[in-house]
Amino acid sequence: MITVNGDWFALETANTGYYLGVRGGLVENLHYGARVRVENSVPLREKTDIGYGGDVVYRAESAPLSLEHLCLELSPLQKGDYRAQSLSLVMPGGARTADFSFVCARRLEGSVPPEGMPAARGGAETLALDFSTPEGVAVTLFYTVYPDCDVITRRLCIKNGADAPVTLEKALSYQLDLPGCDYVLSTFPGAWARERHEACVPLTPGAHVFGSTTGASSAFCNPFFMLCAPDATEFNGDAYGFNLVYSGSHMGCVEVSPWGKTRVAAGIQPEGFAWTLAPGERFETPEAVLTFSRAGKNGMSANLHAFVQEHIVRGKWAKKDRPVLLNNWEATHCDFDEARLKQLFDGARQTGAELFLLDDGWFGNGPYSRDDDKHGLGDWEPSTKKLPRGLSYIAREALKRKVGFGIWLEPEMVNPQSELYQKHPDWIITQPKREPILGRHQEILDLTRPEVQAYEWDIIDRTLRPNPDITYVKWDCNRYITQPGSSYLQSADQSHLWIDYNWALYRLMDRFAKGFPNVMAMLCAGGSGRVDYGAMPYFHSFWPSDNTDPLGRIKIQWGFSHFFPANTISAHVTRMGKRHLKMAIDVALSGAFGIDLALDKATAEERAQIADAVKLYKERIRPLVMRGELYRLVSPYESPLASLSYVSTDKKQAVVYLYQTKDGREARVKLGGLDAGKKYRIEEVSLSKGMASRFPANGKVLTGAELMTEGLENPLDAQFESAVLMIETL
């Protein structure tokens, strides 16, 4: 609900409140956190007195206001607020001073998405706050409320109403000032095959700056971050979560001022960014996502999980079961033919897999045959050597075995060793008079070029439209931008490449999603190089990492669980790391389950073990993973054990996972989310043949209260041990 009452504005969700007040032409943040009972700004307004020492009085008529002490939603530029700000621009005449003054507030129904960019859908109401400078440069701040999941989104729009060009040098999506500075900042950095490892630091005076300069959200630093009270736990304490609906280079900044306030700001990466607005033109920033919970980190995650499922993930699959799929990559790489694929189809059918995903290597002919990652990328004609009867035939062969069929695409990329590159070397992103450099033996096609946009759509359309039996796509992107330059863009617009590329990409993804609404899609980028709220509105699940070693995946999937629900996180059984098959299965059972190994080369015992896991997942575990509520029980950062659970919304069922990442013992594991008054039977599942449960509670009945206060006695103590428990009411 949004209330506009004179100089006071309230944005309220079920449990949170965001309160604003106008003073001296400024808009102050009076409070963001737990919902409070107020009817005007007076009880929340910060009291001000004469300035301190070197303080600058903002305006004579508003003395003693000094900007650096106020919690501001938009700061006048170069007028005395010395903290990080959401905007930086060059005004007509070259000055960088911009005196934004509040003009009016507007309450709008529903969401107001930015033009040509992805945004959350289904917002209840939007508050628009208009500002202007004496020169006529206008800024509108947009706030959209999602009451069902305690989320508020923010973004801004800049319009040049002056009579000369204005150049943006920084255009973040928001700034938010919080009183006090006693917070712990959690970011989720990483690298290829080591994504989303949590890094926590207590705030100290000065700025903590993080982000990506790769042209993508990147494996290095996801846009998501948290601010938590020092005493916050998984289930108690104040926790803020922040994210962006954006897939490009980004920046986050958390700054503690000399006066003990905390400013949070995030948005498009300013490095390399410059955007000139002619008179009458406007620029809109990506949408930012803000949430707050008093129920700790797990409560914050629950807000974002509901938000993603209700307002981000696209189409009819948002809440439906993801299929159990078999991927051929680990089994064959690029070396396969029709006979080999049929063997894999048979293995999929025998183990109960529901879909087969044909990965890289199915295209390219002659000297550019895709027999390795150095050739053929960009030439999307099926290989006559490997698939002489084409995609339709091989898809039908899968369907004959009651297995669906999916395909791998990487439309944005090209190998120099390809027919496409030989014909159009000017289609790549690079700079003149510089030797092109390769990443994974490939270059990025320049999506700012209209002919490249048409070509990439043609790749998708001619792969899927003539082959309606293809019902799944894995969209990959294995390279970041280097030497950013476009032979299509004018020299004055070269800095637009970073933004224009993503806008064109979103148009392509949107066309794909609308053109093929019944095709399920997995987002991939060499793992999670572009896994974010900006791309997910066009997809249903994502590939968290090329690291499928179950030991490595535990922390990777743990990190992603903070801001993505389990039904979007693809988790496959593989042989990477040469771990026990049981551990690989148990880790994969906690996500959108799949298999990526050569079933025809597995032993009969291994095939039976995988088939049992697929049956268990489909019959008992999948409903909880797809629609249950996550509880992170024991952190792998604090214990040799990692444990989490999913609980059904009616609290009648739960599945609990336990993984030993090191030697050592966590004696008891307390559960969460159960009904204290209900009785639950405990059963260990996913046991290998001939293996007996070591859990003392196995087969016993305990109350929800006992399970949550006393917990389960845990017998695991050796690295690589794992267990899965079903908890069900009588």
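Sequence positions are assigned chain by chain, starting from 1 and proceeding in written order. Local features in this predicted model are restricted to residues whose pLDDT is 70 or higher, and side-chain atom pairs enter the listing and the counts only when it is 80 or higher, whereas totals over whole chains, interfaces and linings include all residues. Side-chain calculation: all heavy atoms of the structure are included, whereas hydrogens and water are not.

Trainee: Help me understand the sheet that holds strand β33 (residues 653-660) in this model?
Mentor: Two modes of strand pairing occur in sheets, parallel and antiparallel, and in both the strands are linked by backbone hydrogen bonds. Any two strands with at least two DSSP bridges between them are considered paired. By definition, any uninterrupted DSSP run of H or I lasting at least four residues is a helix, any uninterrupted run of E lasting at least two residues is a strand, and each is numbered from the N terminus. Overall, antiparallel pairing links the six strands, which are arranged β31-β32-β33-β38-β35-β36 in an open sheet. Because the sheet does not close on itself, it has two edges, and the strands there are β31 (629-634) and β36 (701-703). Here the average twist between neighbouring strands, direction ignored, is 25 degrees. Where β31 lies against strand β32 (residues 641-647), five bridges are found, and the strand directions are antiparallel. From the neighbouring strand, E629 faces β32, where its bridge partner is V647. An axis is simply a line fitted to the C-alpha atoms; with a helix, the fit covers only the stretch in contact. Between two such axes, the angle follows the N-to-C directions and lies from 0 to 180 degrees.

Trainee: Help me understand the packing of helix α8 (residues 550-560) against helix α9 (residues 581-588), please; the structure alone is not making it clear to me.
Mentor: Packing of α8 against α9 brings their axes to within 9 Å, and their N-to-C directions diverge by 20 degrees. Classified by the angle between their axes, α8 and α9 sit roughly parallel to one another. The handedness of the crossing between α8 and α9 is left-handed. Taken together, the residues of α9 that come into contact with α8 (itself represented by P550, L551, R553, I554 and Q557) are M583, A584 and V587. In this classification, Asp, Glu, Lys and Arg are treated as charged, Ala, Val, Leu, Ile, Met, Phe, Trp, Tyr, Cys and Pro as nonpolar, and every other residue, Gly included, as polar. Taken together, the residues of the contact of α8 with α9 break down into six nonpolar, one polar and one charged. Roughly parallel means an angle under 35 degrees; roughly antiparallel, over 145; roughly perpendicular, 65 to 115; everything else is oblique. Helix crossings are classified by the rotation of the near helix relative to the far one: an anticlockwise turn of less than a right angle makes the crossing left-handed, while a clockwise turn makes it right-handed. Contact criterion: two residues are considered in contact whenever any of their non-hydrogen atoms come within 4.5 Å of each other.

Trainee: Even after reading the chapter, I still don't get the sheet that holds strand β1 (residues 2-5), so can you show me in this structure?
Mentor: Ordered by their spatial adjacency, four strands build an open sheet running β1-β2-β3-β4, and the pairing between neighbours is antiparallel. Each end of this open sheet is capped by a strand with a single partner; those strands are β1 and β4 (26-34). This sheet shows a mean twist of 15 degrees between the axes of neighbouring strands, independent of strand direction. By the bridge criterion, five bridges tie strand β2 (residues 8-12) to strand β3 (residues 16-23) in an arrangement that is antiparallel.

Trainee: Teacher, can you tell me more about empty space enclosed by the protein here?
Mentor: Any space left empty among the atoms is revealed by the rolling of a water-sized probe across them. Buriedness for pockets is judged along seven lines, at least five of which must meet protein on both sides within 12 Å for an open set on the 1 Å grid over protein atoms alone, while cavities are sets there where a 1.4 Å probe fits but cannot get out, and lining residues have an atom within 4 Å of a point. Grid points are joined across faces, edges and corners, and a volume is the space filled by probe spheres set on the points. Considering all chains together, one arrives at two cavities of 30 Å³ or more under this definition. Put simply, the largest cavity is a space of about 100 Å³. Along the walls of the largest cavity sit 14 residues, with G215, A216, R479, Y501 and R530 positioned nearest its centre. In terms of residue class, the lining of the largest cavity is made up of seven nonpolar, four polar and three charged. By volume, the second largest cavity amounts to about 60 Å³.

Trainee: Would you take a moment to explain the packing of aromatic side chains for this structure?
Mentor: Two measures describe an aromatic ring pair: the distance that separates the ring centres and the angle between the ring planes. Each Phe, Tyr or Trp ring (for Trp, its six-membered ring) is paired with any other whose centre lies within 6.5 Å, and the angle between the two planes then decides the class: stacked below 30 degrees, edge-to-face above 60, tilted in between. Enumeration over the complete set of coordinates arrives at 47 aromatic pairs. Measuring from centroid to centroid gives 4.2 Å for F363 and W380, while their planes differ by 35 degrees, and the two rings are tilted. In this pair, F363 sits in the loop between β22 (355-358) and α4 (390-400) while W380 sits in the loop between β22 and α4, placing the two residues 17 residues apart along the sequence. Side by side, F363 and W380 carry an identical accessibility label, which is buried. Summarising the aromatic geometry, the rings of W380 and W408 are spaced 6.0 Å apart at their centres and angled 40 degrees between planes, so their arrangement reads as tilted. Of the two residues, W380 sits in the loop between β22 and α4 while W408 sits in strand β23 (residues 404-409), which places them 28 residues apart along the sequence. Across this residue pair, the class does not change: W380 and W408 are buried. Here, a charge over a ring is recorded when the distance from Lys NZ or Arg CZ to the ring centre is within 6 Å and its angle to the ring normal is within 35 degrees. Lying over the aromatic face of F142, R155 brings its terminal NZ or CZ to 4.2 Å of the ring centre. Exposure classes here rest on a 1.4 Å probe applied to the protein chains alone. A residue is buried below 20% of its type maximum, exposed above 50%, and partly exposed in between.

Trainee: Explain the side chain of R263 here, please?
Mentor: With respect to the helices, strands and loops of the structure, R263 is situated in strand β17 (residues 262-268). In this structure the side chain of R263 is engaged in a polar contact, spanning 2.9 Å, whose partner is the side chain of D81. A distance of 2.7 Å separates the side chain of R263 from the side chain of D177, its partner in a polar contact. Throughout this description, a polar contact denotes any pair of N or O atoms lying within 3.5 Å of each other; where both atoms belong to protein, one of them has to be capable of donating a hydrogen while the other can accept it, and for residues adjacent in sequence the pair is counted only when both atoms sit in side chains.

Trainee: Looking at this structure, how should I read the pairing of β23?
Mentor: Consecutive residues of a regular strand have side chains that alternate between opposite faces of the sheet. Of all the six residues making up β23, six are buried; the element is thus mostly covered by neighbouring parts of the structure. A two-sided burial pattern is seen for β23, the buried positions comprising G404, G406 and W408 on one face and F405, I407 and L409 on the other. Across four bridges, the pairing between β22 and β23 is parallel. Paired with L355 across the strands is G404, a residue of β23. We call a crossover right-handed when, viewed with both strands directed away from the observer, the connection leading from the first strand over the helix to the second proceeds clockwise. With α4 bridging β22 and its parallel neighbour β23, the resulting β-α-β unit is right-handed. Sheet analysis places β23 next to strand β26 (residues 470-475), joined by five bridges and oriented parallel. Within the sheet, the bridge partner assigned to F405 lies in β26 and is I470.

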